[in-house]
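Coordinate inspection notes
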Amino acid sequence: MAFSLKMALKGVQEAASLSEHALRCTIAALDHSDAKAEDIEECLLKFNRLLSSPPSTKVVEMVSSSNFPSSIVRVIRRHQENLPIVALACQCIAGSATTSDSVTSFARAGVLDEVLNVMDSHKSHGGVQNVALFLLRTLLKDSGAARQAVQNGAIARVLHALNLSMGREIQYGGLVSLRQMMDASRQNRYFWQESLKTQRTSIQEAGLQAKVHHQSDGALCQAADDTLAFVIPRFKEVPCWHWQSGWCKMGPKCTYAHGSEDLRGGTRERYGKGGYRGGAARAQE
């Protein structure tokens, strides 16, 4: 059944849940040649409301097996300069790409390329970079999508975003995305020996800077440590002698462990439950 734009929009607005009919109406509205920006925005807003959090497996399968992934990618491509629409489209994708199969469907439709194009088109816009990173780290939970992102040059885009703003969300999203891409490429010798040559230093600096600016944010520092462990040999696996002596001038930039809680890679167990203490801590006992 072919929907007129009026019928499609009415079907979307009258929907009480994300049924097959509501989904078909949504797709018809997004793809309609007469749809204006406000129609697209209204449609995406309603889709997000209908998409429960988290959506059921049945709903995810219904969305990913339909034409919705291709439709939403075309929306981003056509309205790349309309930031509210781009943000809503990214939210729709992130909310419905919750399984490996659904991520594959969106990836096949070209969503990774469009996200990276958006990041390129709005290089100086922190809000756009944040939205793109939010979607990127959602998609990169799938190892196949993560490897594809690496091939498409996503690491350079993420590093640019990290250098653009020290805001918490951009830093967290960027670091998690980097970790996901490197983790998915563990077995790719060419990636580690050739592709990453010029980016190792930048990744290391980005991770260390994030730790300096967000020292009290445990989740962000953990994301930075997880990322740095890929590019710094034996990162946090060896105790810091300076810290043990009482003070380390490197502070959060130090690549050695400052205490038992800072040890990585199973080294912590060798120091026992109590670990070791810096000289300043011992002097207070």
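In this numbering scheme, every chain counts its residues from 1 along its sequence in written order. Reporting in this predicted model follows two pLDDT cut-offs: at least 70 for local features of residues, and 80 or more for side-chain atom pairs to be given and counted; totals over whole chains, interfaces and linings ignore these cut-offs and use all residues. Computation of side-chain values covers all heavy atoms of the structure but excludes hydrogens and water.

Here a strand is any run of E in DSSP of at least two residues, a helix any run of H or I of at least four, and the numbering for each starts at the N terminus. Turning to its location among the elements, Gln 180 is positioned in helix α12 (residues 168-184). Burial classification: accessible surface area is computed with a 1.4 Å probe over protein chains only, and a residue below 20% of its type maximum counts as buried, one above 50% as exposed, and the rest as partly exposed. For Gln 180, a relative accessible area of 8% translates into the label buried. In protein, a polar contact means a hydrogen-donor-capable atom and an acceptor-capable atom, both N or O and within 3.5 Å, with residues adjacent in sequence counting only if both atoms are side-chain atoms; elsewhere, any N or O pair within 3.5 Å suffices. In this structure the side chain of Gln 180 is engaged in a polar contact, spanning 3.0 Å, whose partner is the backbone oxygen of Arg 137. Excluding anything up to four places from it in sequence, Gln 180 contacts Arg 137, Leu 140, Lys 141 and Ala 146. Contacts are assigned to residue pairs that have any heavy atoms within 4.5 Å of one another.

Salt bridge, as applied in this entry: a Lys or Arg side-chain nitrogen positioned within 4 Å of an Asp or Glu carboxyl oxygen. Under the defined criterion, the tally for this structure stands at 13 salt bridges. Between Arg 186 and Asp 183 there is a salt bridge; the shortest N-O distance is 2.4 Å. The shortest N-O distance in the salt bridge between Glu 237 and Arg 234 comes to 3.8 Å.

Further remarks concern the packing of helix α8 (residues 111-121) against helix α9 (residues 126-139). Interhelical geometry of α8 versus α9 gives an angle of 155° and a closest axis separation of 9 Å. Considered as vectors, α8 and α9 are oriented roughly antiparallel to each other. In this structure, the crossing between α8 and α9 has a hand that is left-handed. In contact with Val 111, Leu 112, Val 115, Val 118 and Met 119 of α8, α9 contributes Val 128, Gln 129, Ala 132, Leu 133, Leu 135, Leu 136 and Leu 139. Counted by class, the contact of α8 with α9 contains 11 nonpolar, 1 polar and no charged residues. The axes are straight lines fitted to the C-alpha atoms, using for helices just the contacting stretch, and the angles between their N-to-C directions are given from 0 to 180°. By definition in this entry, angles of less than 35 degrees are roughly parallel, angles greater than 145 are roughly antiparallel, angles of 65 to 115 are roughly perpendicular, and the rest are oblique. Put simply, a crossing is left-handed when the front helix is turned counterclockwise from the back one by less than a right angle, and right-handed when it is turned clockwise. In the scheme used here, Gly and all other residues not listed as nonpolar or charged are polar, with Ala, Val, Leu, Ile, Met, Phe, Trp, Tyr, Cys and Pro taken as nonpolar and Asp, Glu, Lys and Arg as charged.

Moving on to the layout of surface pockets. With a probe scaled to a water molecule rolled over the atoms, the places where space remains empty come into view. The way it works is a 1 Å grid over only the protein atoms, where trapped points that fit a 1.4 Å probe form a cavity and open points with protein on both sides within 12 Å along at least five of seven lines form a pocket, and then any residue with an atom within 4 Å of a point lines it. Grid points are joined across faces, edges and corners, and a volume is the space filled by probe spheres set on the points. In this structure, the largest pocket encloses a volume near 210 Å³. Around the largest pocket, the lining comprises 14 residues; the ones closest to its centre are Val 150, Gln 151, Ile 155, Phe 191 and Ser 195. Here the lining of the largest pocket is built from residues that sort into 7 nonpolar, 6 polar and 1 charged. In this model, the second largest pocket occupies a volume close to 180 Å³. Lining the second largest pocket we find Ala 94, Ala 97, Thr 98, Thr 99, Ser 100, Val 103, Phe 134, Arg 137, Thr 138, Lys 141 and Asp 142. Those elements giving two or more residues to the lining of the second largest pocket turn out to be α7 (100-109) and α9.

What follows deals with the UniProt feature "domain: C3H1-type" (unreviewed entry) in the protein chain. UniProt positions are given in the numbering used here, feature names are shortened, and annotations may be inferred rather than shown by experiment. Annotation from UniProt places "domain: C3H1-type" (unreviewed entry) at residues 234-261. Taken end to end, residues 234-261 has its terminal C-alpha atoms 16 Å apart, with 18% of it in helix and 0% in strand.

The next thing to look at is the nonpolar core. Within soluble globular proteins, side chains that are nonpolar tend to cluster in buried spots. Among the nonpolar cores identified, the biggest contains 86 residues, and Leu 44, Phe 68 and Ile 72 are the most heavily contacted of them. When sequence neighbours within four positions are dropped, the list of residues in contact with Ile 72 reads Leu 30, Leu 44, Ala 89, Cys 92, Ile 93 and Phe 106. What is meant by a nonpolar core is a set of buried Ala, Val, Leu, Ile, Met, Phe, Trp, Tyr and Cys residues, joined one to another through side-chain atoms within 4.5 Å.

Here the focus is the packing of aromatic side chains. Centres within 6.5 Å are what make two rings of Phe, Tyr or Trp a pair, Trp counting through its six-membered ring; a difference in plane orientation under 30 degrees is then read as stacked, over 60 as edge-to-face, and the rest as tilted. In this structure the tally under the stated criterion is 4 aromatic pairs. Plain terms: the ring middles of Phe 47 and Phe 68 are 4.5 Å apart, the flat faces sit at 10° to each other, and that makes the pair stacked. In this pair, Phe 47 is assigned in helix α3 (residues 37-50) and Phe 68 in helix α5 (residues 68-78), connecting sequence segments 21 residues apart. Its relative accessible area of 0% is what places Phe 47 among the buried residues. A relative accessible area of 0% means that Phe 68 is categorised as buried. Aromatic side chains Trp 192 and Phe 230 sit 6.0 Å apart centroid to centroid with 15° between the ring planes, which places their arrangement in the stacked category. Remark: Phe 230 occurs in helix α15 (residues 218-231) and Trp 192 occurs in helix α13 (residues 189-195); sequence separation between them is 38 residues. Here Trp 192 matches Phe 230 in class, with each residue buried. Members of the aromatic cluster, joined through ring pairs, are Phe 47, Phe 68 and Phe 106. The lysine or arginine in question, Arg 168, covers the ring of Tyr 172, its NZ or CZ lying 4.7 Å from the ring centre. Two limits define a charge over a ring: the Lys NZ or Arg CZ must be within 6 Å of the ring centre, and within 35 degrees of the ring normal.

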